[in-house]
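# Structure at a glance
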Amino acid sequence: MIAANSEALTISGLDCFYGEVQVLYGLDLVLNKGEVLCLFGRNGAGKTTTL
Ligand SMILES: Nc1ncnc2c1ncn2[C@@H]1O[C@H](COP(=O)(O)OP(=O)(O)OP(=O)(O)O)[C@@H](O)[C@H]1O
Ligand SMILES: [Mg+2]
């Protein structure tokens, strides 16, 4: 059994730029142990950049 609120990964307020172009704006993400997290979004939304 996996304990609740058992965080494996926490990202808070992540900004990302390619040169001067910002592509991630304050991304927050929490992944708990035992969870599978899926990222959905249109083409170019920033899924690969996030990973
Ligand atoms: N190496 C790079 N240099 C400059 N801009 C980039 C680079 N890689 C991605 N981008 C830009 O950053 C933004 C996010 O791209 P990203 O590839 O993370 O999106 P994505 O959600 O994975 O897209 P897709 O659904 O097409 O895989 C897009 O505007 C893209 O054009
Ligand atoms: Mg991608």
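Anything mentioned here points back to the structure above.
Residues numbered from 1 in each chain as written. Chains lettered and ligands numbered in written order. Predicted model: local features only at pLDDT ≥ 70, side-chain atom pairs only at ≥ 80, totals over all residues. Heavy atoms only, no water.

## Focus: the site of ligand 1
Selection criterion: If even one non-hydrogen atom of a residue comes within 4 Å of a molecule or strand, that residue is called near it. In protein, a polar contact requires one atom able to donate a hydrogen and another able to accept it; more generally it is a pair of N or O atoms within 3.5 Å, and residues adjacent in sequence count only if both atoms are side-chain atoms. Here the open area of atoms and residues is found with the Shrake-Rupley method and a 1.4 Å probe, where only the protein chains shown may cover a residue. Every helix listed is a DSSP run of H or I at least four residues long, and every strand listed is a run of E at least two residues long, numbered separately from the N terminus. Polar here means any residue outside two lists: the nonpolar Ala, Val, Leu, Ile, Met, Phe, Trp, Tyr, Cys and Pro, and the charged Asp, Glu, Lys and Arg; Gly therefore counts as polar.
All residues in the neighbourhood of ligand 1 are listed as Tyr18, Val23, Arg42, Asn43, Gly44, Ala45, Gly46, Lys47, Thr48 and Thr49. Between threonine 48 and ligand 1, the recorded distance is 2.9 Å, taken from a side-chain N or O atom to an oxygen atom. Protein burial of ligand 1: of its 640 Å² of free accessible surface, 52% is covered by the chains. It is helix H1 (residues 47-50) that provides the largest number of residues to the shell around ligand 1, a total of three residues. Among the residues forming the shell around ligand 1, the class breakdown is three nonpolar, five polar and two charged.

## Quick look at the pairing of strand E1 (residues 7-18)
Our working rule: The criterion for strand pairing is that DSSP finds at least two bridges linking the strands in question.
Two strands pair when backbone bridges link them, and E1 and strand E2 (residues 21-32) are joined in this way by eight bridges, in the antiparallel orientation. Bridge assignment links threonine 10 to a residue of E2, and that residue is valine 30. Between E1 and E2, which pair antiparallel in sequence order, lie two residues; one of them, glycine 19, sits at a positive phi of approximately 65°.

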